[in-house]
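Inside the fold
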Amino acid sequence: SFAPDQERLRRFTLEAQSTGALNHPHILAIYDLGTHEGLPYLVTELLEGESLRERLKRGKLGVPKSIDYARQIADGLGAAN
């Protein structure tokens, strides 16, 4: 939906390039980006499993698991800072 908007496409490209320059186990690796038939795409590593949102639909997390997830998120954000 944002492909025709040049400013949004520029930001998408810049953010993808910036993220792709990071190398951290808690940040999704981006290997390539480009356009095909006028539509932008990303090539990322394949992550198996479920999203946090999907996991939370099954019920609350225990305190130890919540702390573990929060630590992983904070590590990734710290590396991106």
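Residues numbered from 1 in each chain as written. Predicted model: local features only at pLDDT ≥ 70, side-chain atom pairs only at ≥ 80, totals over all residues. Heavy atoms only, no water.

**Let's talk about the layout of surface pockets**
Gaps between atoms show up when a probe of the same size as a water molecule is rolled over them. This is how it is decided: Here a cavity denotes a set of grid points, spaced 1 Å apart and computed over the protein atoms alone, in which a 1.4 Å probe fits but from which it cannot get out, and a pocket denotes an open set meeting protein on both sides within 12 Å along at least five of seven lines; residues with an atom within 4 Å of a point are reported as lining. Grid points are joined across faces, edges and corners, and a volume is the space filled by probe spheres set on the points. Numbering of helices and strands runs from the N terminus, with a helix taken as a DSSP run of H or I at least four residues long and a strand as a DSSP run of E at least two residues long. The residue classification treats Ala, Val, Leu, Ile, Met, Phe, Trp, Tyr, Cys and Pro as nonpolar and Asp, Glu, Lys and Arg as charged. All others, Gly included, are polar.
A volume near 460 Å³ is recorded for the largest pocket. Mapped onto the lining of the largest pocket, the elements with two or more residues apiece are helix H2 (52-57) and helix H3 (63-80). The dominant element in the lining of the largest pocket, judged by the number of residues it contributes, is H3, at three residues. Taken together, the residues of the lining of the largest pocket break down into seven nonpolar, five polar and four charged.

**Some words on the pattern of salt bridges**
We apply this condition: Salt bridges, as used here, are contacts in which a Lys or Arg side-chain nitrogen is within 4 Å of a carboxyl oxygen on Asp or Glu. Relative accessibility under 20% of the residue-type maximum defines a buried residue, over 50% an exposed one, and the middle range a partly exposed one, all with a 1.4 Å probe and only protein chains included.
In this structure the tally under the stated criterion is four salt bridges. The residue glutamate 7 makes a salt bridge to arginine 10 at a minimum N-O spacing of 2.7 Å. Of this pair, glutamate 7 and arginine 10 are both found in helix H1 (residues 6-20), three residues apart, which corresponds to roughly one turn of the helix. Taking relative accessible area as the criterion, glutamate 7 reaches 42% and is therefore assigned partly exposed. One salt bridge connects arginine 71 with aspartate 68, and the closest N-O pair in it is separated by 3.0 Å. Pair noted here: arginine 71 and aspartate 68 are both in helix H3, with a separation of three residues, about one helical turn.

**A word on unusual backbone geometry**
A negative phi holds for most residues other than glycine; trans holds for most peptide bonds. In this structure, glutamate 37 takes a positive phi of about 50° despite not being glycine. Residue classification places glutamate 37 among the exposed positions, given a relative accessible area of 73%.

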